[in-house]
Structures are given as structure tokens and as C-alpha cells.
Amino acid sequence: MSAGSNLRSEEQFLCSICLDPFTDPVSTPCGHNFCKTCISQHWDGNVLYNCPLCKEQFSTRPQLRVNTFIKEVVAQFRHEAQQKTSSSSEQQAAEPGEVPCDVCSGPRLKALKSCLVCLASYCQTHLKPHLTAARLSRHQLVDPVENLEDRMCSQHDQPLQLFCKNDQTCVCMLCSVLDHKTHELVPLREEYEGKKAELRNTEAEVQQMIQNRRLKIQELRESVKTSKDAADREKAEGLQVFTDLMDSVERNKKSFMKEIEDKQKTTEKQAEDFIKHLEQEISELMKRSSKVKQLSCSEDHLHLLQSFRSLKAAPPTKNWTQVRVHPPSYEGTVVRAVAQLERNLREKMKKLFEAELKRVQKSEVALTLDPKTANPYLILSDDGKQVHCGDVKKNLPDNPERFSSERFSSGFCVLGTQSFSSGRFYFEVQVKGKIAWILGVARESINRKGFITLSPKDGFWTVWLINGNEYEANTNPSVHLSLQSGPEKVGVFVDYEEGLVSFYDVDAAALIFSFTDCCFSQQLYPFFSPCHNDGGKNSAPLIICPVNQSARCPFNQSA
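Residues numbered from 1 in each chain as written. Predicted model: local features only at pLDDT ≥ 70, side-chain atom pairs only at ≥ 80, totals over all residues. Heavy atoms only, no water.

Colleague: Would you mind showing me how to read the overall build of the chain here?
Modeller: A count of helical and extended segments in the chain gives eight helices and 23 strands. In terms of C-alpha radius of gyration, the chain reaches 56 Å, well past the compact-globule figure of 24 Å for 559 residues. Principal-axis analysis of the C-alpha atoms gives the chain an extent of 200 × 90 × 35 Å. The buried share of the chain, taken over its 559 residues, is 32%. (Helix = DSSP H or I, 4+ residues; strand = E, 2+ residues; numbered from the N terminus. Rg over C-alpha atoms; globule rule 2.2 N^0.38 Å. Buried < 20%, exposed > 50% of the residue type's maximum accessible area, 1.4 Å probe, protein only.)

Have a look at this one:
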């Protein structure tokens, strides 16, 4: 018998009311079969007695008797079904966490599907009516789910079939005509499709976020690798520098020691020569002494007189009265050695600063001066690259961004238009011809009105020239800077994350001063002050110059 025939045969033994195999099957006058209990309960609740399948009505309630033939066939069917269930129970029995069949009377097998209409879950055997019966095939089957009672309306005990867009909740048909009759309602499937589309979009967004974060991880790892490579290069270069410095110190030490030793050897040789000569003279004198002593003991008058003439003439000797061995002078030897070392170190430092300056110059940014921040006494060039202090206060709006102090030269200042909150940046300013200026960076929230205090705690990281030759770093307290010569071009470098602000003498390739361990938490703006005009003595402008082209910057006092 084919599988289709088996399904049809099994369906013949199912009660169309309870959908289970017949229990005490009875036949109605119209020829249809039902469980005795099922048809009795059906008629108990109705005034009219009819067949649930063909709807034929009976004038009186039929007297029903158990159909023994069908009962025996159903019993055989049950036995075969139990054997099939028993043979497959070890493999299909529901395990903890799996949804069991709601119909199995013995060991509950694992459910294959759940019916959203019947609100029950079925194993393979009990699912067959939903796959074969025409009226059951229209039921909505889904993968097994637990708590099917949650799919019933708690208020009306009806299946949840609609979705209320107003309240964003699932409702039953009774809810739609009672509590939600004025709301926008759609079938669950329609809202399901919409939400599925949203979930697909959300999933796409989540996947994109995941991809972005994976790319960010890759970027961070590459940054770490780049940082490590840079650190390795810096360590190698630094090690080479310190090795060279130690070699230079060692060479200077050896030169110093050799100079001392050479002087000592010269002194020792001179003394040895004197001693040798003296010893020779002593030898000759001892010979003469011996002859004199021998002759003085002679009793021969003639021999003494004949020999006395030859002994009277003393052998040639040197007058040692003024002969001295003077210890060499070592005064200044150490000083000269250290001075030579300092010259060597200065040359190496100059090369280091030149290399460092070239590196920081790669962080050059294009800057212009912001007229909205300029003190009314300041005069800016049309291109926003130059600023100097005039004698007349311009009538400008006192907006919050503008510096308006007149009490102190640091109030004659202006900020750059550009701001920075990360990374590195560098710019160069020509200060040639000026006797006072202030340069650096300032945070966004600085005081711009009244008396201005230049210090890091007040948001300023600056150096200045005052009185024509006094250079200071505006720390708290300020630090006097000893510069060999006044810079004509000043470079300003900022590393935001590192908390570093450095100032360079561009032409001399020398470091002027560095603020370290700064804590930046706001936007930073380049800060410029040409200071007071001082009766024309300080009328030269500050000029923002491109890197390596500063020497060609125009000097235009009338800008």
C-alpha cells in the first residue's frame, strides 16, 4: 500500500471533532462516524440535532450504539500506531529544552510543527491530519514553539490574529470591535512582513556596524604596528645618538688623559736627563776625589808638585744652582677638554634638532588670522597672514570672541581661524624686526576680556619676547630663556594626544622651549600677539609663513 493510501486509511479512523482515533465509535443515521462522547457533547449544547459534517438535521436525538467493527479496526490501528511510536521513540523523544508533542499519550515525542490555529504542537504522527485534511491544511504551521497559550487573548480567550499599530500590541477579533475599534489594525502576517523587513534592515545595519568595527580593529592594529615600527626606529636612532655621544665623551676623555700623561712623561724625561748628566759628573768628581786623596797622602815631594798642576784644573761641570724641574701646569686642561666636548655635543645637537625640525615641519597646516577675535587696535592684512598693532582703536562690535583688553600688551592679540582637537600641527611665524611678541596656542574657553594672564592653567601655552632681548616661557612661574641669538622665525609644534607644545628657532634649527605633559580637553587655537606698537619701535608685523619659504615672506608694515 502506498504512503498516500496509508494516510487516507488512517484519516478514516479519526474523529472529525477531536481529530484523534475513534474512542467508542458510533454512526449517525446519515452514515458518519464520531466518538460517542464527542457527538454526545456536541448535541448536548444544541437544540437542533444535526451531523457536524454534512449538517443533516434529525427530528429527534438519534439513539447511538457503539459500532463494534469500527472499534476493532480502530484498536488495531492504535496498536500499529503505538508500535511505530515505540520503534521511533528513542530517536524522536523530546529532550529537555525541546518542544514536546501535545497529543502523545505515552512518551511525548519531539514536535515537528506548532499550529497557530489549534494552539498545539504535533509530532510527525499527529501532524499528518494537518497535512492531509483539506480544512486543516489551511491552518498556519510554524517551527515548534513553547507557551502557545501566550498566543491567546488573555481577556477574551480568542487567538491573537490582528496587530494594533496605535498600541503596538497583538489583539484578537473581539478586541478589534471593542477596545481597539477606532485603532489602526492590520493582520498579523502584514505586520510580520513589515517587521521582517525592518529586521532585515536592522540586520544589515548591525552587520555594517560589525564590519565597521572590524575595520576599526584592523585600523587600530595597523596603528599599533605603525607605532611599534616608529618606536623601534626611534629607539635605534636614539641608541645610535647616545652611542655617538658616549664615543665622543670617550674620545675626549682619552684625549684629556693623553694630554696629562704626555706632560707628565715630558717632565719625567727632563728629570731623567738631568739625573743622568748629574750622575756622570758625580762619577768624574769621584775619580778626581780619589786622585786628590791619593796624592795628598804621598810623601814624594817631587811627585806631588808635578801632579798638583794637572789636578788643580777641575773637570768641566755644569752649574746646577738654577737648574729646576718644574711640574707641568694642568690648569684649564679639564675646562678645555669639557669645552671641546661641549662643542662636539653642540654640533650633534644641531644635527638632531635639524632632523627633528624637518619631522615636525611635515605637520604644517595652512593658517589664517580670525578677524572676529582680533583686538580693535590690531591691523590684519587682507590675506589674513599678517598682523601688527596700530595707534588707533577701531570701532568694532565687542562680540564674545574678540579680545578687548587695553591694560596689557598681551591683550593685543588674535587667534587663528582654524582649531584643532586631535593630531599634530605646526606653523611658522616671522618675528624679524620686532622688540616684543607673543606666540603659542590657546584653548577655546580662554578669557578674552579684561586683564589676561598667560599661563597653562588659564589656557595659554606661549613664549614671548619683551624689552627687545628678554625671552621667557609663560609657565607659572615663568622660565627665563637663554638664547644665543634672537630668532627671526619661530616654529610652533603641537602634539595634541602627547600633550606637547614646542617652540623652535627655525633658522638656527634649535629648540627654544617645550611644554610637556599638557592636558588638552578642548579645541586649541593658534595664538598671536604683535604686542603694543611702542611709538613705532615695534611696528613690524607678525607674518605667518609657509615652511621653507619664510625667508621670502614679504615685510609689509602697512598691511
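Colleague: Mind showing me how you'd approach the sheet that holds strand E21 (residues 510–515) here?
Modeller: Within a beta sheet, neighbouring strands are joined by backbone hydrogen bonds and run either parallel or antiparallel to one another. Strand order in the open sheet formed by seven strands is E11-E12-E23-E14-E19-E20-E21, and the pairing between neighbours is antiparallel. Looking at which strands have only one partner, the edges of the open sheet turn out to be strand E11 (378–380) and E21. With strand direction ignored, the average angle separating the axes of adjacent strands in the sheet is 20 degrees. Together, strand E14 (424–430), strand E19 (489–495), strand E20 (500–505) and E21 form the strand contacts of helix H8 (residues 333–361), whose direction differs from that of E14 by roughly 110 degrees. (Pairing = 2+ DSSP bridges. Axes fitted to C-alpha atoms, helices over the stretch in contact; angles between N-to-C directions. Contact = heavy atoms within 4.5 Å.)

Colleague: Is there a simple way to explain the side chain of His130 in this structure?
Modeller: For His130, the location among the structural elements is in helix H4 (residues 124–132). A polar contact of 3.5 Å, which involves the side chain of His130, links it to the side chain of His139. In this view, His130 contacts Cys115, Cys118, Tyr122, Leu136, Ser137, His139 and Leu141; residues no more than four positions away in its chain are not counted. (Polar contact = N/O pair within 3.5 Å; in protein donor to acceptor, adjacent residues only side chain to side chain.)

Colleague: What am I meant to see in the pattern of salt bridges here?
Modeller: Think of it this way: side chains of opposite charge can pair up when their charged atoms draw near. Here the structure, examined in full by the defined rule, presents 23 salt bridges. Between Lys269 and Asp273 there is a salt bridge, and its shortest N-O distance comes to 3.3 Å. One end of the pair, Lys269, and the other, Asp273, are both in helix H6 (residues 188–296), four residues apart, so they sit about a helical turn from each other. Residue classification places Lys269 among the exposed residues on the basis of a relative accessible area of 51%. Lys457 is the salt-bridge partner of Asp458, the closest N and O atoms lying 3.7 Å from each other. Within the structure, one salt-bridge network assembled from shared partners comprises Lys165, Glu191 and Lys195. (Salt bridge = Lys/Arg side-chain N within 4 Å of Asp/Glu carboxyl O.)

Colleague: What exactly am I supposed to notice about H4 here?
Modeller: Owing to its 3.6 residues per turn, the α-helix brings residues three or four apart onto one side. All of the buried residues along H4 are Leu127, Pro129 and His130. Down the axis of H4, the smallest arc covering the buried residues is 140 degrees, so these residues share one side. Packing partners of the buried residues in H4 comprise strand E5 (113–115), strand E6 (120–122) and strand E7 (141–142). (Arc of directions from axis to C-beta.)

Colleague: How should I be thinking about the environment of Leu245 in this particular structure?
Modeller: Along the chain, the position of Leu245 falls in helix H6. Separated by 88 residues in sequence, Leu245 and Asp157 have C-alpha atoms that sit 91 Å apart. The residues contacting Leu245, other than those within four sequence positions of it, are Leu345 and Lys348.

Colleague: Looking at this model, I keep getting lost on the sheet that holds strand E8 (residues 162–164). Mind explaining?
Modeller: Reading across the sheet, the three strands line up as E9-E8-E10 and stay open at both edges, with antiparallel pairing between neighbours. Looking at the sheet topology across the chains shown, the edges are occupied by strand E9 (169–171) and strand E10 (185–187). Adjacent strand axes in the sheet meet at a mean angle of 35 degrees when their direction is disregarded. Relative to E9, E8 is paired through three bridges, and the arrangement is antiparallel. Looking at E9, one finds that Leu162 is bridged to Val171. Contacts from H6 reach E8, E9 and E10, with the element oriented near 85 degrees to E10.

Colleague: Even after reading the chapter, I still don't get the nonpolar core, so can you show me in this structure?
Modeller: In summary, soluble globular proteins display a tendency toward joint burial of nonpolar side chains. Trp437 and Phe528 are the most contacted members of the largest nonpolar core, which totals 38 residues. With near-sequence residues (within four places) excluded, Phe528 lies in contact with Leu367, Leu369, Phe412, Cys413, Val414, Gly416, Phe427, Val429, Ile438, Leu439, Leu542 and Ile544. In this structure, Phe13, Val26, Cys51 and Ile70 belong to the second largest nonpolar core, which totals 15 residues. (Core = buried A, V, L, I, M, F, W, Y, C linked by side-chain atoms within 4.5 Å.)

Colleague: How should I be thinking about a nonpolar patch on the surface in this particular structure?
Modeller: There is a patch of nonpolar side chains on the surface, built from Leu174, Val177 and Leu178 and spanning about 260 Å² of accessible area. Within the secondary structure, Val177 is located in helix H5 (residues 173–177). Judged by its relative accessible area of 52%, Val177 is exposed. (Patch = residues over 30% accessible without salt bridge, like charges linked within 9 Å, V, L, I, M, F, W, Y side chains within 5 Å. Areas by Shrake-Rupley, 256 points an atom, 1.4 Å probe, with all protein chains shown as cover.)

Colleague: Got a minute to help me understand the pairing of strand E17 (residues 470–473) in this structure?
Modeller: Regular strands have side chains that alternate between both faces of the sheet. Sheet topology note: the strand E16 (residues 460–466)/E17 ladder contains four bridges and is antiparallel. For Ile466, the partnering residue across the bridge sits in E17 and is Glu470. Taking the residues between adjacent antiparallel strands as the criterion, E16 and E17 are bridged by three residues, where Asn467 takes a positive phi near 60 degrees. Hairpin connection from E17 to strand E18 (residues 479–481): five residues lie between these consecutive antiparallel strands.

Colleague: Explain the environment of Leu542 here, please?
Modeller: Mapping Leu542 onto the fold places it in strand E23 (residues 542–545). Leu542 gets classed as buried once you look at its relative accessible area, which sits at 2%. In this structure the C-alpha to C-alpha distance between Leu542 and Lys489, which are 53 residues apart in sequence, comes to 9.7 Å.

Colleague: How do you make sense of unusual backbone geometry when you look at a structure like this?
Modeller: Of all residues except glycine, most have a negative phi; of all peptide bonds, most are trans. At the junction of Asn476 and Pro477, the peptide bond is cis and its omega measures out at 5 degrees in the coordinates. For Pro477, the position within the fold is in the loop between E17 and E18. Phi at Asp24 is positive, roughly 50 degrees, even though this residue is not glycine. Assessed through its relative accessible area of 33%, Asp24 is described here as partly exposed. Of note in the backbone geometry, Cys531 takes a positive phi value of approximately 65 degrees without being a glycine. As for its placement among the helices and strands, Cys531 is situated in the loop between strand E22 (524–529) and E23. Classification of Cys531 as buried rests on a relative accessible area of 3%.

Colleague: Help me out: how do you make sense of helix H2 (residues 36–44) in this one?
Modeller: All of the buried residues along H2 are Cys38, Ile39 and Trp43. End-on view of H2: buried residues confined to an arc of 125 degrees, all on one side of the axis. Of the exposed residues in H2, the ones pointing more than 90 degrees away from its buried face are Gln41 and Asp44. Tucked inside the fold, the buried residues of H2 contact strand E1 (25–27), strand E2 (33–35), strand E3 (49–50) and strand E4 (57–58).

That is the geometry; function is a separate question.
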